[in-house]
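Residue-level structure breakdown
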Amino acid sequence: MRPAKRWAIPEKTEAQHDLRLAPAAISIWLGAIAGAMFGWWMALVSGALSAVAAIVVLTRFRGRDPTFRAAAVAVLVCGLVMAGPLAIRLLRAEEDAVRPLAARGETVVAGVMLIDRPRPIRGPGFAGMRAGTRSVLLAAELERVEVAGRPVRSTGRVLLIASAAGWLDLLPGQRVTATGVLAPSTQDTALTVAVVSVRGPPAEVGAAPWWQRVAETMRAGLRTACQGLSEEAAGLLPGLAIGDTGALSPRVEREFLTAGMTHLTAVSGSNVAIVCGAVLVLLRAFRLGPRFSAVAAGAALAGFVVLAGPDPSVLRAGVMGGIGLLALALGRSGSVLSALSVAVCGLVVYDPAMAVNLGFALSVLATAGLVLLAPRWAEVLTRRGVPAGLAAGLMVPLAAFVVTAPVLAGMAGRLSLVSVVANVVAAPVVAPATVLTVFATVVAVFWPGAAHVLVMLAEPEANWLIAVARHAARAPGAIVPWPGGWAGGVLAVVVLLAMWLVLRRRKSRIALAALLVVVLLVFVPPRLVAPSWPPSNWAMVTCDVGQGDAVVLATAEPGRAVVIDTGPEPGPVDECLKRLGVERIPLVIISHLHADHIGGLASVFEGRSVGAVAVGPGRAPGWAWRQVEETTRRHGIPLAELAIGQRLDWPGLAIDVLGPHYVTQRGADQQDGTAINNASVVLLARTPAGKVLLTGDVELAAQADLLENGDALRADVLKVPHHGSRYSLPQFLAAVAPRVAMVSVGAGNRYGHPAKSTLDTLAAVGALVTRTDTDGDVAVLADQGGPAVSRRRGPGP
């Protein structure tokens, strides 16, 4: 029996900090950025300067260390590549024949080959349009172009914007024909020669490569295996393991962004390390040799890269992982920085567009920070008595945050202050969840039952990550506004350098610590003892849920309130109710079944007891009615219908149903948006702050019907119909004569809400107008002189 081959696992040495290839990687990266943003000639000039500098170094410092000479030779090679092939490729893209056609907005018929998976563009629901993916972005390479039947020669890259129907299921490598209108590219890269707004479905669709079909089968198997899980966990696990975020909840996505945890759903080096590490550990357990194990792990790596898709961070991690496995097969000591430098050089030459890709930049910088900074900082803590494991766990996310903060600040115009803590708390469950889900992806193809068991085992880890992100996103001051663009990035660098200089000296550290203590003592206790929101005597709150409605009416019992409408998506109404401390909801009233009023219904149930849901007589649109039915059935609560003249009573709150008078008899599928709006439930609530008229989205016809109520229509507070649209009768607003008019509207909405004419009419009748897009949550308070207003942000009461 032959002895098992020994694994040559090198000890950590200075080779892991080998910087010989780093200057070459930096030079070619910067040269590609300059060429992509300012023109091909900048790549030529940058390459020439790099080559000349390398030649000077080689001739003047001929007798220096071989390491020094190797670095100069690498810079010379990269300089020649920049000045030659890379500059020529950029030149061809800049002079592509499609660019002038795009400037004129020509209509073309284009044969393209897709080079990436479709990227869904999701939007919140509004009116009869449900939330979800309605459009997709597809990167493609042109193979043929026709303008009015005339062929045009082009091999450039284009970005297709198409409807989800027919385009969402396409795969990389497929050839299709698209008809659409050209527009100039707005991307910061010369390789994308135009944007195509596609009209209609794809034509002449070719077959995808077999490996892409296999990968899609595996992804579909994973999605099927996740169907029995909670909705949020089922959307997160595919993103966590293989970067498939198509089913990721917009709420979870937003919370991960706020908490600085979005890297968990973007496949990167950690995913590659987990997958390859699991394969190597498994093969080592069977006493297989390093060469065979490296080859097997390489095959798994190649399959994982195809499965995850050709994103820049995936390719960077894949190249680095391949170099590491090659070093293992050859029995050589590898260097992480050398592998990173080779990956940067190779990928930038392969695709110069990666040089200006923010995902690629974040991936490279984070890897460099983890290699150069995290071990040294962890060693400092270890010398001060901190256990090695804890020190590494603290310093890894801190190093990643420090090196990526300038890019994130410039890109997003804000910084997450909870990122480090959130990632430390989340870290222990990431590896097991990833391994279980990747194994489930493989198993799902031939054993769906086992795949479901594996994702069930990963569900608690996914729920933990969601909980961490949610609590971190809710932390006061989780996000700090920051200047965007290059200026914001440079400012972040300056601030980090200043903090580094301060922390280097003991006296400066003491002064900084004292300053932080003073800030905490001055600003934190008042917020904890007497929080500014909500005001103690609130009677009604209009929640800031974006372009939609959500109103909360307080009862005399603390923590108990009635909710009218729930906004366009889960999350915002839940956050509003948490801020108000609402734990019991005897009734949720849906004014009408448009998406911007029912979208957040499911999140109202999170951590609260709900007595019932009530609707009006309308049942349109049909999909929305079915969604409300399914939600109430899932939570086991009754679904009731309100009728005109009905009164609802609770301690400190009474509600009369005034409408709808206007209900169309057409079927759900035939009713238009105006008919559905006019079928809104209209309520008159009696609160300690006065009478409140809640109008849903009633338009002109329904408002005219309500005028029949005469003086009974008068109210102290008006929830302005239809987000303040121009479809408001001046006679109706005058009949209500509100002292306070509350407009629930989303910032920067594309519908022109609220209309100036409506705001002018409200001002003319003497109403104080509040807007959720500028004021945030707005509360109405009981006051001796009538209703008073408190805003969560914006001008004071």
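Conventions used here
Residues numbered from 1 in each chain as written. Predicted model: local features only at pLDDT ≥ 70, side-chain atom pairs only at ≥ 80, totals over all residues. Heavy atoms only, no water. Helix = DSSP H or I, 4+ residues; strand = E, 2+ residues; numbered from the N terminus. Rg over C-alpha atoms; globule rule 2.2 N^0.38 Å. Buried < 20%, exposed > 50% of the residue type's maximum accessible area, 1.4 Å probe, protein only. Contact = heavy atoms within 4.5 Å. Areas by Shrake-Rupley, 256 points an atom, 1.4 Å probe, with all protein chains shown as cover. Lys, Arg positive; Asp, Glu negative; His and termini not counted. Charge placed at Lys NZ, Arg CZ, Asp CG, Glu CD. Phe/Tyr/Trp six-rings, centres within 6.5 Å; stacked < 30°, edge-to-face > 60°. Lys NZ or Arg CZ within 6 Å of the ring centre and 35° of its normal. Disulfide = S-S within 2.5 Å. Pairing = 2+ DSSP bridges. Axes fitted to C-alpha atoms, helices over the stretch in contact; angles between N-to-C directions. Salt bridge = Lys/Arg side-chain N within 4 Å of Asp/Glu carboxyl O. Polar contact = N/O pair within 3.5 Å; in protein donor to acceptor, adjacent residues only side chain to side chain.

**Remarks on the overall build of the protein**
On a plain count of helices and strands, the protein comes out with 27 helices and 26 strands. In terms of C-alpha radius of gyration, the protein reaches 30 Å, essentially the compact-globule figure of 28 Å for 797 residues. Taking the principal axes of the C-alpha coordinates as reference, the protein spans close to 100 × 75 × 60 Å. Taken over 797 residues, the protein has a buried fraction of 48%. The contacts of the protein with a sequence gap of at least 6 include a subset with a gap of at least 24, amounting to 71%. Carbon and sulfur atoms provide 63% of the accessible area of the protein, an area that totals close to 36900 Å². Positive and negative charge centroids in the protein, built from 69 and 54 side chains respectively, lie 12 Å apart.

**Some remarks on the packing of aromatic side chains**
What the rule picks out here adds up to two aromatic pairs. With a centroid separation of 5.6 Å and an interplanar angle of 75 degrees, the aromatic rings of W29 and F360 are classed as edge-to-face. Of the two residues, W29 sits in helix α1 (residues 22–38) while F360 sits in helix α12 (residues 358–372), which places them 331 residues apart along the sequence. For F360, a relative accessible area of 0% corresponds to the buried category. Plain terms: the ring middles of W210 and W211 are 5.7 Å apart, the flat faces sit at 85 degrees to each other, and that makes the pair edge-to-face. Relative accessible area serves as the criterion here: at 56%, W210 is assigned to the exposed category. When the ring centre of W625 is taken as reference, the NZ or CZ atom of R619 above it lies at 4.1 Å.

**Considering the state of the cysteines**
By definition, a disulfide links the sulfur atoms of two cysteine residues through a covalent bond. What the rule picks out here adds up to one disulfide. Between the sulfur atoms of C543 and its disulfide partner C576 the distance amounts to 2.1 Å. The sign of the S-S torsion, about -70 degrees, decides the handedness of the disulfide formed by C543 and C576: left-handed. Taken together, the residues C543 in the loop between β10 (538–542) and β11 (551–554) and C576 in helix α19 (residues 572–580) connect sequence positions 33 residues apart. As far as burial versus exposure is concerned, C543 and C576 are alike and both buried. This cysteine, C78, is not joined by any disulfide, and C345 carries the nearest cysteine sulfur, 3.9 Å off.

**Some points on the sheet that holds strand β26 (residues 788–791)**
Across the sheet, eight strands lie side by side as β17-β16-β14-β12-β11-β10-β25-β26; this open sheet has mixed pairing. Looking at which strands have only one partner, the edges of the open sheet turn out to be β17 (639–641) and β26. Averaged over all pairs of adjacent strands, the angle between their axes in this sheet comes to 20 degrees, without regard to strand direction. Relative to strand β16 (residues 613–615), strand β14 (residues 588–590) is paired through three bridges, and the arrangement is parallel. When the sheet's bridge partners are listed, I590 is paired in β16 with V615. Against the sheet, α19 contacts β10, β11 and β12 (561–564), and its axis sits at roughly 160 degrees relative to β10. Sheet contacts for helix α22 (residues 622–635): β16 and β17; angle to β17, the most-contacted strand, approximately 130 degrees.

**Description of unusual backbone geometry**
Going from G659 to P660, the amide bond is cis rather than trans, its omega being 25 degrees. In this fold, P660 is placed in the loop between β19 (653–659) and α23 (673–678). Here H753 and P754 are connected by a cis peptide whose omega angle stands at -10 degrees. Assignment of secondary structure puts P754 in the loop between β23 (740–743) and α26 (756–764).

**Quick word on the sheet that holds strand β24 (residues 768–771)**
Here we have seven strands laid out as an open sheet, ordered β18-β19-β20-β21-β22-β23-β24, and mixed in their pairing. The open sheet has two free edges, formed respectively by β18 (647–650) and β24, since each of these has just one partner strand. For this sheet, the mean angle separating the axes of adjacent strands, direction not counted, is 20 degrees. Relative to strand β22 (residues 717–719), strand β21 (residues 690–694) runs parallel, the two sharing three bridges. Bridge pairing links V692 to V717 in β22.

**What about the side chain of D596?**
Structurally, the position occupied by D596 is in helix α20 (residues 595–598). Summary of buried charges: D596 has no salt-bridge partner, and the nearest side chain of opposite charge, K719, is 8.5 Å away. There is a polar contact of 3.0 Å between the side chain of D596 and the side chain of H723.

**Comments concerning the pattern of salt bridges**
Inspection of the entire model under this criterion finds 31 salt bridges. Note that D656 is salt-bridged to R647, the shortest N-O span being 2.8 Å. Residue class for D656 comes out buried when judged on its relative accessible area of 14%. Linked by salt bridges that have partners in common, E232, R251, E255, R470, R474, D574, E575, K578, E606 and R608 make up one network.

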